[in-house]
Amino acid sequence: MNQEGIKRQLSEVASLLQFLSPDFNHYLESSSADNMYFCFRWLLIVFKREFNFPDIMRLWEVVWTGLPCKNFHLLICVGILESQQETIMRQRLDFTEILKHVNELAFRINVEDSLNKAEAIFLQIQRCALIPACIAETLGLEHNEAQQDDSPPSSPDVS
């Protein structure tokens with residue numbers, strides 16, 4: 001079975017995290033966890049094991065609209081990871097411990113908080129003066145809003 005689609009999505013989550021949370025991304029790199037494999041289950045079955053039935057139906061309904069952007073599910077991943085950033089970094093979790101921690105989040109993630117956080121991330125990116133082309137492409141943003149090269153991205157300016 002070819003898993004190129006999942007690998008691409010994991011790479012896109014990593015790029016988003018690098019752009020949005022460089023400190024957290026650096027921590028993951030230093031912990032050999034920047035491959036984002038702990039998000040594999042989320043992406044493979046689109047969060048099915050993370051939420052109860054009514055909540056997963058709510059999340060899927062939002063994701064399937066294609067709004068506010070293409071690949072909104074990747075922003076949900078980033079939002080959940082950012083919500084766990086302090087715990088992961090404070091406890092100095094390594095890759096295996098991050099995987100365990102993420103798996104233990106099942107049925108403990110608030111769907112509305114996750115959707116709101118993902119939308120806030122999208123709006124934050126949308127307000128950026130320069131968006132790396134890879135992120136603009138991932139989210140389906142206009143390329144004229146994007147930085148044309150993929151040089152090291154600067155963090156979003158939220159001022």
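Provided above is the structure to which this section pertains.
Residues numbered from 1 in each chain as written. Predicted model: local features only at pLDDT ≥ 70, side-chain atom pairs only at ≥ 80, totals over all residues. Heavy atoms only, no water.

Caption draft 1: Summary view of the pattern of salt bridges. One pass over the structure, following the stated rule, counts seven salt bridges. Among the ionic pairs, Glu86 bridges to Arg90, the shortest N-O distance being 4.0 Å. Of this pair, Glu86 and Arg90 both sit in helix α5 (residues 72-90), four residues apart, roughly one helical turn. By the burial criterion, Glu86 is exposed, and Arg90 matches it. Here Glu104 and Lys100 are joined by a salt bridge, their closest N and O atoms 2.6 Å apart. (Salt bridge = Lys/Arg side-chain N within 4 Å of Asp/Glu carboxyl O. Helix = DSSP H or I, 4+ residues; strand = E, 2+ residues; numbered from the N terminus. Buried < 20%, exposed > 50% of the residue type's maximum accessible area, 1.4 Å probe, protein only.)

Caption draft 2: Expanded view of unusual backbone geometry. Here the bond from Leu67 into Pro68 is cis, since omega is 5°, no more than 30 degrees from zero. The topology assignment puts Pro68 in the loop between α4 (53-65) and α5. Backbone geometry places Met36, a non-glycine residue, at a positive phi of 65°. Here Met36 shows up in the loop between α2 (22-30) and α3 (40-44).

Caption draft 3: Main features of helix α7 (residues 111-126). For α7, which comprises 16 residues, the first-to-last C-alpha distance of 22 Å matches the rise-based estimate of 22 Å (1.5 Å per residue) to within 8%. Among the residues making up α7, those that are buried are Val111, Ser114, Leu115, Ala118, Ile121, Phe122, Gln124 and Ile125. The elements touched by buried residues of α7 are α1 (4-20), α4, α5, β1 (131-132) and α8 (133-139). Capping the start of α7, Asn110 holds a side-chain oxygen 3.0 Å from the backbone nitrogen of Glu112, two or three residues further along. (Expected span 1.5 Å × (residues − 1). Contact = heavy atoms within 4.5 Å. Polar contact = N/O pair within 3.5 Å; in protein donor to acceptor, adjacent residues only side chain to side chain.)

Caption draft 4: Expanded view of the nonpolar core. By size, the foremost hydrophobic cluster in this structure holds 51 residues, and its most contacted members are Leu59, Leu75 and Ile125. Where this core is concerned, the elements lending two or more residues are α1, α2, α3, α4, α5, α6 (95-103), α7 and α8. The contacts of Leu75, once residues within four sequence positions are left out, are Leu16, Cys69, Ala118, Ile121, Phe122, Ile125 and Leu139. (Core = buried A, V, L, I, M, F, W, Y, C linked by side-chain atoms within 4.5 Å.)

Caption draft 5: Expanded view of the packing of α1 against α2. As a packed pair, α1 and α2 sit with axes 5 Å apart at the nearest point and diverge in direction by 125°. Comparing the axis directions of α1 and α2 gives the class oblique. Here Ala14, Leu17, Gln18, Phe19 and Leu20 of α1 lie close against α2, whose contacting residues are Pro22, Phe24, Asn25 and Leu28. In terms of residue class, the contact of α1 with α2 is built from seven nonpolar, two polar and no charged. (Axes fitted to C-alpha atoms, helices over the stretch in contact; angles between N-to-C directions. Parallel < 35°, antiparallel > 145°, perpendicular 65-115°, else oblique. Nonpolar A, V, L, I, M, F, W, Y, C, P; charged D, E, K, R; others polar.)

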